[in-house]
Amino acid sequence: MTSTETELMLQGHGLTTAEIYYRMPDHRSLLQSFVWQDYDLAPEFPKLIGFLDFWQEKLEGPIHSVRYCHQHLIRAGEWRKVDGEFLLN
């Protein structure tokens, strides 16, 4: 079952962005960058680590370095359950 983005945010996921620097397969002295973004759980980052593991196993360009940031888009004080609704006209 796939969760929506809102459901993921309510479960504690935040938006994780990683900038991956890797060496070109044919020209090892050149660095290239790749930006990856997904909803992930801090501080374990299972999706990011899974993606980096996939990269090392399946892709030819070796990773040089990774910079990442993580931001919760919905915080505890910004969400509350509403039990009812009043409609005016």
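Heads up: these notes are all about the structure in this document. Each residue is numbered by its place in its chain's sequence as written, counting from 1. Per-residue local features of the predicted model are confined to residues with pLDDT of at least 70, and side-chain atom pairs are confined, for both listing and counting, to 80 or more; whole-chain, interface and lining totals are unaffected and use all residues. No hydrogens and no water enter the side-chain calculation; it runs on all heavy atoms of the structure.

Turning our eyes to something else, we now look at the packing of aromatic side chains. Here a pair means two rings of Phe, Tyr or Trp (six-membered ring of Trp) with centres within 6.5 Å. Their orientation is stacked below 30 degrees between planes, edge-to-face above 60, and tilted elsewhere. Across all of its chains, the model carries seven aromatic pairs by this definition. Ring geometry for Phe45 and Tyr68: centres 5.1 Å apart, planes at 65°, overall edge-to-face. Of this pair, Phe45 sits in the loop between β2 (31-40) and α2 (46-58) while Tyr68 sits in strand β3 (residues 63-71), placing them 23 residues apart in sequence. To sort residues, take the accessible area from a 1.4 Å probe on protein chains only and compare it with the maximum for the residue type: under 20% means buried, over 50% means exposed, and anything in between is partly exposed. Residue class for Phe45 comes out buried when judged on its relative accessible area of 8%. Aromatic pair Phe51 and Trp55: ring centres 6.0 Å apart, planes at 75°, arrangement edge-to-face. Of this pair, Phe51 and Trp55 both sit in helix α2, separated by four residues, roughly a single helical turn. Note on Phe51: relative accessible area 19%, which makes it buried. On the basis of relative accessibility, which here comes to 6%, the residue Trp55 falls in the buried class. Connected via pairs of aromatic rings, a cluster forms that spans Tyr22, Phe34, Trp36, Phe51, Phe54 and Trp55. Put simply, DSSP marks the helices as runs of H or I at least four residues long and the strands as runs of E at least two long, and each gets a number from the N terminus on.

Any two strands between which DSSP finds at least two bridges are classified as paired. In space, the three strands of this open sheet follow the order β2-β1-β3, with antiparallel pairing throughout. The open sheet has two free edges, formed respectively by β2 and β3, since each of these has just one partner strand. Neighbour to neighbour, the strand axes of the sheet diverge by 15° on average, direction disregarded. Alignment of strand β1 (residues 14-23) against β2, held across 10 bridges, turns out to be antiparallel. The residue bridging Tyr21 from the neighbouring strand is Ser33, located in β2. Relative to the sheet, α2 contacts β1, β2 and β3, its axis offset from that of β2 by approximately 145°. Axes, fitted as lines to C-alpha atoms, cover a helix only where it is in contact. Angles between the N-to-C directions of the axes lie from 0 to 180 degrees. Should any heavy atoms of two residues lie within 4.5 Å, those residues are counted as being in contact.

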